[in-house]
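Inside the fold
Each chain is listed here by its residues.
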Amino acid sequence: MRRSFVFATTAAIAASLSTTLYAGPALAQATAARQQVIPTGQSASPTLTPGIRVGNMLFASGQLGMSRTAPDSTIQGQTRLALENTKKVFEAAGTTLANATKCTVFLTDVKDFGGMNSVYREFFPVAPPARSTVVVAALVSPGAKVEIECAGVIP
């Protein structure tokens, strides 16, 4: 019985390795096809790009709800701005938030969940994307209450 287990495990590892090696060129092509997505009014930095397109997939970086010109300290205002910025990334890539497949929301206070969720529903009124919400100790910008990142498809 032990020999068959070892054989089955070895066969599974060999099959997995074979699949990984076979997929190598396809993965290399996908990596080579990476395109930056930079909406008007946003910019890339040495460490951050607003969005990356690979094939028909879009990965939007986390967007804060902070504005230098019109700061809003409410969770509703910050959520709205974060999602408006995410929407701009999606539109710059040639798609819409209706094609978002997965979002992650980072909150600095669990008590803000209801306020965030009320605005979030406005942007995803029908068939919302899969979502995770995580409470964190702080975000990169002082005063930021929410950061939202999304992935989606480009039809």
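Every value quoted in this text rests on a predicted model; they were computed, and no experiment measured them.

In this section: the overall build of the chain. The helix and strand tally for the chain stands at three helices and six strands. Listing every helix and strand of the chain by position from the N terminus yields α-β-β-β-α-β-α-β-β. For the chain, the residues scored as buried account for 31% of the 155 residues in total. Contacts spanning at least 24 positions in sequence make up 68% of the contacts within the chain whose residues lie at least 6 apart.

The next thing to look at is the sheet that holds strand 6 (residues 146-153). The strand order across the open sheet built from six strands is 1-2-3-6-4-5, with neighbouring strands paired in mixed fashion. With one partner strand each, in any of the chains shown, strand 1 (35-37) and strand 5 (130-135) form the two edges of the open sheet. Geometrically, the sheet is characterised by an average inter-axis angle of 15° between neighbouring strands, direction not taken into account. When strand 2 (residues 51-54) meets strand 3 (residues 57-64), the two strands line up antiparallel, connected through four bridges. Paired with R53 across the strands is L58, a residue of strand 3. Packing of helix 2 (residues 75-92) onto the sheet brings it into contact with strand 1, strand 2, strand 3, strand 4 (100-107) and strand 6, and relative to strand 3 it is tilted by some 150°. Where helix 3 (residues 113-123) meets the sheet, it contacts strand 4, strand 5 and strand 6, and its direction lies at approximately 155° from that of strand 5.

With that settled, the discussion passes to helix 2. Each α-helix turn comprises 3.6 residues. Residues three or four places apart therefore point the same way. The first and last C-alpha atoms of helix 2 sit 26 Å apart over 18 residues, in line with the 26 Å expected at 1.5 Å per residue. Within the span of helix 2, buried status applies to I75, G77, Q78, T79, A82, L83, N85, T86, V89 and F90. For helix 2, the elements touching its buried residues are strand 1, strand 2, strand 3, strand 4, helix 3 and strand 6. Where helix 2 ends, the next residue or the one after it, G94, has phi of about 90°, a positive value.

This paragraph deals with the pairing of strand 2. As paired strands, strand 1 and strand 2 are joined by three bridges and run antiparallel to one another. Along strand 2, the bridge assignment pairs V37 with G51. With antiparallel pairing between neighbouring strands as the criterion, strand 2 and strand 3 make up a hairpin whose turn holds two residues, including G55 at a positive phi of roughly 60°.

The next thing to look at is the environment of Q63. For Q63, the position within the fold is in strand 3. Its relative accessible area of 8% is what places Q63 among the buried residues. When the C-alpha positions of Q63 and V146 are compared, they lie 8.4 Å apart, and in sequence the two are 83 residues distant.

What follows concerns the confidence of the model for the chain. Summary statistics for the chain give a mean pLDDT of 86 and a share of 79% for residues scoring 70 or more. Predicted confidence is poor over residues 1-21, with pLDDT under 50, and the contacts of this stretch with residues over four places away or in other chains come to zero contacts.

Put simply, the largest pocket is a space of about 800 Å³. Those elements giving two or more residues to the lining of the largest pocket turn out to be strand 3 and helix 2. Here the lining of the largest pocket gets four residues from one element, more than from any other, and that element is strand 3. For the lining of the largest pocket, the class distribution of residues is seven nonpolar, 13 polar and three charged.

Criteria and cut-off values
- Residues numbered from 1 in each chain as written.
- Predicted model: local features only at pLDDT ≥ 70, side-chain atom pairs only at ≥ 80, totals over all residues.
- Heavy atoms only, no water.
- Helix = DSSP H or I, 4+ residues; strand = E, 2+ residues; numbered from the N terminus.
- Buried < 20%, exposed > 50% of the residue type's maximum accessible area, 1.4 Å probe, protein only.
- Contact = heavy atoms within 4.5 Å.
- Pairing = 2+ DSSP bridges.
- Axes fitted to C-alpha atoms, helices over the stretch in contact; angles between N-to-C directions.
- Expected span 1.5 Å × (residues − 1).
- pLDDT = per-residue confidence, 0-100.
- 1 Å grid on protein atoms, 1.4 Å probe; cavity = no way out; pocket = protein on both sides within 12 Å on 5 of 7 lines; lining within 4 Å.
- Points joined across faces, edges and corners; volume = space filled by probe spheres on them.
- Nonpolar A, V, L, I, M, F, W, Y, C, P; charged D, E, K, R; others polar.

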